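Each chain is listed here by its residues.
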Amino acid sequence: MSSALSTPAPPRPPRRSGPRRGTADPGTLRLRGSRVRVLYLALAPYFLVFAVFSAIPILFTMFLAFTDWRGIGAWNVVGLENFSYLLRDPLFWKALTNTLILWAMSTIPCLTLATLVALGLNSAVRFSTVYRVAYLVPNITSLVAMGILFSSIFSSNFGIANALLNAVGLDSVRWLQTEWGIKIAISTLSCWSFVGYNALIILAGLQSLDKQVYEAAQLDGAGAVRTFFSITVPMLRPIILFITVMSTIGSLQSFTESQVMTSSLSGSSASAGGVGNSGLTMVLYFYSVAFQENRYGYGAAIAWGVMIVVIIFTIINWFATRERAR
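Residues numbered from 1 in each chain as written. Predicted model: local features only at pLDDT ≥ 70, side-chain atom pairs only at ≥ 80, totals over all residues. Heavy atoms only, no water.

Peer 1: Where do I start with the overall build of the protein chain in this structure?
Peer 2: A tally of regular secondary structure across the protein chain gives 13 helices and zero strands. In the protein chain, the order of α-helices and β-strands from amino to carboxyl end is α-α-α-α-α-α-α-α-α-α-α-α-α. Put simply, the protein chain has 326 residues, and 32% of those count as buried. Long-range pairs, those at least 24 residues apart, make up 69% of the contacts in the protein chain with a sequence separation of at least 6. (Helix = DSSP H or I, 4+ residues; strand = E, 2+ residues; numbered from the N terminus. Buried < 20%, exposed > 50% of the residue type's maximum accessible area, 1.4 Å probe, protein only. Contact = heavy atoms within 4.5 Å.)

Written out as structure tokens, the structure reads:
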């Protein structure tokens, strides 16, 4: 009778003396926890500043929007009365219309000039750094000082703009006393301030484009104009859309240009914005109501209206950007 030979089982690996899989060493946990606390401690100043200067004022503004507080006195809660009046306020809709018109009059020429300046800087061989600094100077100059300067340029009596018109045989224009004259003056100031900044962003995009694409276009016989519209503009589309979105947000919150160039002796919101409120923007209207008439409750409602308009236009630009990317 034969017996089956049983194969011996392989020896088990020695058991490791340490923490099980999935568990960490207590010393490692303490070290990791200390690192996390250091990181949170480093981030704490930002969140503290954000809470003091952004989060708390936003919540306080929301509370004010439901009251009729005038800076002193009782806090009378009026519910949605301020928002209901905001939808029926003709000055708010006038300010919104002016803001959109100023956005179109400043953003489109600014983007066009910035593209031309960027193309010139990209082709410059000598003193390119000097030109870049020179074009960036308007963006870092005080808007208040530039507003006073442009008020003198568009002055009805001694302005440079009228002097140039008279030099070519045209009559003088009362820029700051007419509806479209005020819009032209404000949009010119806004365009002049941001042409250099946008040009440097477009210049950075131009210098990152692949040169082999242009060499292939030259071999195919494409001219400068065809190359620009068929190669440069499509490849710069993300940068152009970024500038458009940022210009839209900035224009919808414009204040300094209109306030300086249309300031009047009267502190009433009805007289803010120049002749016929033609230079009245949404933020200027908010400033006049809240800080000149001391109607803080209704001013807070205007501020929330401005924020909603900015969010709507930002979403529109975001969808346009997404469709372009597809």
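Peer 1: Hey, could you run me through the packing of aromatic side chains in this one?
Peer 2: Two aromatic rings, taken as a pair, are described by how far apart their centres are and by the angle between their planes. With the rule as written, the count across this model stands at 17 aromatic pairs. Here Phe150 and Trp192 contribute two aromatic rings whose centre-to-centre distance is 5.6 Å and whose plane-to-plane angle is 55 degrees, an arrangement assigned as tilted. Taken as a pair, Phe150 in helix 5 (residues 143–153) and Trp192 in helix 7 (residues 179–207) lie far apart in primary sequence, 42 residues in all. With a relative accessible area of 35%, Trp192 lands in the partly exposed category. For the ring pair Phe154 and Trp175, a centre distance of 5.3 Å and an interplane angle of 75 degrees mean the geometry is edge-to-face. Linking Phe154 in the loop between helix 5 and helix 6 (160–167) with Trp175 in the loop between helix 6 and helix 7, this pair joins segments that are 21 residues apart in sequence. Of the two residues, Phe154 and Trp175, both sit in the buried class. Put simply, the rings of Phe60, Phe63, Trp69, Trp75, Phe255, Phe286, Tyr287, Phe291 and Tyr296 touch in pairs and so form one group of aromatic residues. Geometry around Trp180 places Lys183 over its ring, the cationic atom sitting 5.4 Å from the centre. (Phe/Tyr/Trp six-rings, centres within 6.5 Å; stacked < 30°, edge-to-face > 60°. Lys NZ or Arg CZ within 6 Å of the ring centre and 35° of its normal.)

Peer 1: I tried to follow a nonpolar patch on the surface on my own but got confused; where do I start?
Peer 2: A cluster of nonpolar side chains, contributed by Met307, Ile311, Ile315, Trp318 and Phe319, occupies part of the molecular surface with about 470 Å² of accessible area. With respect to the element layout, Ile311 can be found in helix 13 (residues 296–325). Residue classification places Ile311 among the partly exposed positions, given a relative accessible area of 41%. (Patch = residues over 30% accessible without salt bridge, like charges linked within 9 Å, V, L, I, M, F, W, Y side chains within 5 Å. Areas by Shrake-Rupley, 256 points an atom, 1.4 Å probe, with all protein chains shown as cover. Salt bridge = Lys/Arg side-chain N within 4 Å of Asp/Glu carboxyl O.)

Peer 1: What should I look at first to understand the nonpolar core in this one?
Peer 2: In this structure, Phe92, Leu280, Met282, Tyr285, Tyr298, Ile302 and Val306 are the most contacted members of the largest nonpolar core, which totals 23 residues. Of all the secondary-structure elements, those providing two or more residues to this core are helix 3 (90–123), helix 12 (282–292) and helix 13. By residue number, the principal contributor to this core is helix 13, which donates eight residues. Counting residues in hydrophobic clusters, the runner-up holds 18 residues, among them Ala118, Ala217, Ile231 and Leu236. (Core = buried A, V, L, I, M, F, W, Y, C linked by side-chain atoms within 4.5 Å.)

Peer 1: What's the story with helix 5 in this structure? I'm lost.
Peer 2: Turn by turn, an α-helix covers 3.6 residues, leaving residues three or four places apart pointing in a common direction. Among the residues of helix 5, Met146, Gly147, Phe150 and Ser151 are the ones counted as buried. Buried residues of helix 5, seen end-on, are gathered within an arc of 145 degrees and therefore sit on one face of the element. At its buried positions, helix 5 is contacted by helix 7 and helix 11 (256–261). (Arc of directions from axis to C-beta.)

Peer 1: Sorry, what's going on with the packing of helix 3 against helix 7 here?
Peer 2: Any two packed helices are characterised by how steeply their axes cross, that is the angle between the axes, and by the distance between the axes. It is the contact of helix 3 with helix 7, at a shortest axis distance of 5 Å, that shows an interaxial angle of 40 degrees. Between helix 3 and helix 7, the crossing angle belongs to the class labelled oblique. As helix 3 runs across helix 7, the sense of the crossing is right-handed. Considered class by class, the residues forming the contact of helix 3 with helix 7 number 23 nonpolar, eight polar and three charged. (Axes fitted to C-alpha atoms, helices over the stretch in contact; angles between N-to-C directions. Parallel < 35°, antiparallel > 145°, perpendicular 65-115°, else oblique. Left-handed = near helix turned anticlockwise from the far one by under 90°. Nonpolar A, V, L, I, M, F, W, Y, C, P; charged D, E, K, R; others polar.)

Peer 1: Can you walk me through the pattern of salt bridges in this structure?
Peer 2: Between side chains of opposite charge, a pair can form as their charged atoms come close. Counted by the stated rule, this structure contains three salt bridges. Of the charged contacts, one joins Lys94 and Glu179 as a salt bridge, the two residues approaching to 3.7 Å between their closest N and O atoms. One end of the pair, Lys94, is in helix 3; the other, Glu179, is in helix 7, and 85 residues separate them in sequence. Residues participating in the shared-partner salt-bridge network are Lys94, Glu179 and Lys183.

Peer 1: How should the confidence of the model for the protein chain be read in this particular structure?
Peer 2: Note that predicted coordinates carrying low pLDDT should not be read in detail. Summary statistics for the protein chain give a mean pLDDT of 81 and a share of 85% for residues scoring 70 or more. Note that pLDDT drops below 50 for residues 1–6; the model gives that stretch zero contacts with residues more than four away or on any other chain. Per-residue pLDDT stays below 50 along residues 264–270; that stretch engages in 15 contacts with residues further than four places along the chain or on separate chains. (pLDDT = per-residue confidence, 0-100.)

Peer 1: Explain the UniProt feature "transmembrane region" (unreviewed entry) in the protein chain here, please?
Peer 2: Here the UniProt-annotated "transmembrane region" (unreviewed entry) positions come out as residues 38–66, 100–121, 133–160, 180–206, 227–249, 269–287 and 299–320. Taken as a whole, residues 38–66 contains 93% helix and 0% strand, while its terminal C-alpha atoms sit 41 Å from one another. This span, residues 100–121, is 100% helix and 0% strand, and a straight line between its end C-alpha atoms measures 31 Å. (UniProt positions renumbered as here; feature names shortened; annotations may be inferred.)

Peer 1: Can you walk me through the environment of Ile101 in this structure?
Peer 2: Mapped onto the elements, Ile101 comes out in helix 3. Ile101 gets classed as partly exposed once you look at its relative accessible area, which sits at 24%. Taking the C-alpha atoms as reference, Ile101 lies 9.9 Å from Ser251; in sequence the two are 150 residues apart. The residues contacting Ile101, other than those within four sequence positions of it, are Trp180 and Lys183.

Peer 1: What am I meant to see in the environment of Leu119 here?
Peer 2: With respect to the secondary-structure elements, Leu119 resides in helix 3. Linking Leu119 and Ala199, residues 80 residues apart in sequence, is a C-alpha distance of 8.6 Å. Not counting residues up to four positions away in its chain, the partners in contact with Leu119 are Leu206 and Phe228.

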